Amino acid sequence: MATWISVTPRLERGLKIANQIDSSKFRLLINRICQTLQSSVNPKIFSEEEEEKLLVSLDLNKDDLVSLLDAIILIYKQAACNIIKSQTLENTLRDTFKINEDKVQIFLIAWITYGKCIIDNFRQQSIFPVQVKDIDWCLNIQAASSTIKKDVRPMTLLQLNLTGEQESKLTVEFDKKELIKLYQNLEKLQSQLDALK
């Protein structure tokens, strides 16, 4: 039983379809998927036009093509996330999923060829869907009275410009004590990053 990938009916269906495809066409399909996975974070490997051509070339309906592509992509993504050795991939495909030997070898050769680059590409990606794109700030001086200086409370406003499925903004307010604590934590983080170099 494979511990690095969950066996689901959808995955099994996609791999059953893979067993039925001509090996030379399957090799081209696998290579294209791996080439894209090693250089892109885009989950869409093929354009609509390319998918239409695949339907004809592989003699599949739309649902079967989607199942096939999802299964192949899932196997390589899970193999990359778990940094699976080629022998483990081979054993899982053969023993757990009962893939034909010629298809196992196609999966394996592509993993040996593209695996390191796919893993490296995944390491460059964040697992978090929302990321900070930019930070804006301002100092906001609030006073209870314009004549009493000791009641002045300086507040720092940080506006985080976020990217993800949609761009958004998050504003955070810090007093002097909170800002110093943030700075100290950033200093600790920086020293840990420097230690990794």
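Whatever comes next refers back to the structure up there.
Reading guide: rules and limits
Residues numbered from 1 in each chain as written. Predicted model: local features only at pLDDT ≥ 70, side-chain atom pairs only at ≥ 80, totals over all residues. Heavy atoms only, no water. Helix = DSSP H or I, 4+ residues; strand = E, 2+ residues; numbered from the N terminus. Buried < 20%, exposed > 50% of the residue type's maximum accessible area, 1.4 Å probe, protein only. Contact = heavy atoms within 4.5 Å. Areas by Shrake-Rupley, 256 points an atom, 1.4 Å probe, with all protein chains shown as cover. Axes fitted to C-alpha atoms, helices over the stretch in contact; angles between N-to-C directions. Parallel < 35°, antiparallel > 145°, perpendicular 65-115°, else oblique. Left-handed = near helix turned anticlockwise from the far one by under 90°. Nonpolar A, V, L, I, M, F, W, Y, C, P; charged D, E, K, R; others polar. Patch = residues over 30% accessible without salt bridge, like charges linked within 9 Å, V, L, I, M, F, W, Y side chains within 5 Å. Salt bridge = Lys/Arg side-chain N within 4 Å of Asp/Glu carboxyl O.

Caption draft 1: Highlighting the overall build of the protein chain. Regarding its fold elements, the protein chain presents seven helices and three strands. Ordering the α and β elements of the protein chain from the N terminus gives α-α-α-α-α-α-β-β-β-α. Evaluated residue by residue, the protein chain yields a buried proportion of 32% over its 197 residues. Of all intrachain contacts in the protein chain linking residues separated by at least 6 positions in sequence, the fraction that spans at least 24 positions is 59%. Put simply, the protein chain shows about 13,200 Å² of open surface, and 54% of that area lies on carbon and sulfur atoms.

Caption draft 2: Spatial organisation of the packing of helix H2 (residues 23-37) against helix H3 (residues 48-58). Viewed as axis vectors pointing N to C, H2 and H3 meet at an angle of 155°, and their least axial separation amounts to 11 Å. In this view, H2 runs roughly antiparallel relative to H3, as classed from their interaxial angle. Crossing of H2 over H3 shows left-handed handedness. Two secondary-structure elements touch here, H2 through Lys25, Leu29 and Arg32 and H3 through Glu50, Leu54, Ser57 and Leu58. Of the residues belonging to the contact of H2 with H3, the class tally is three nonpolar, one polar and three charged.

Caption draft 3: Structural view of a nonpolar patch on the surface. Taken together, Trp137, Leu139 and Ile141 make up a surface patch of nonpolar side chains, about 390 Å² in accessible area. The residue Trp137 is located in strand E1 (residues 131-142) in this model.

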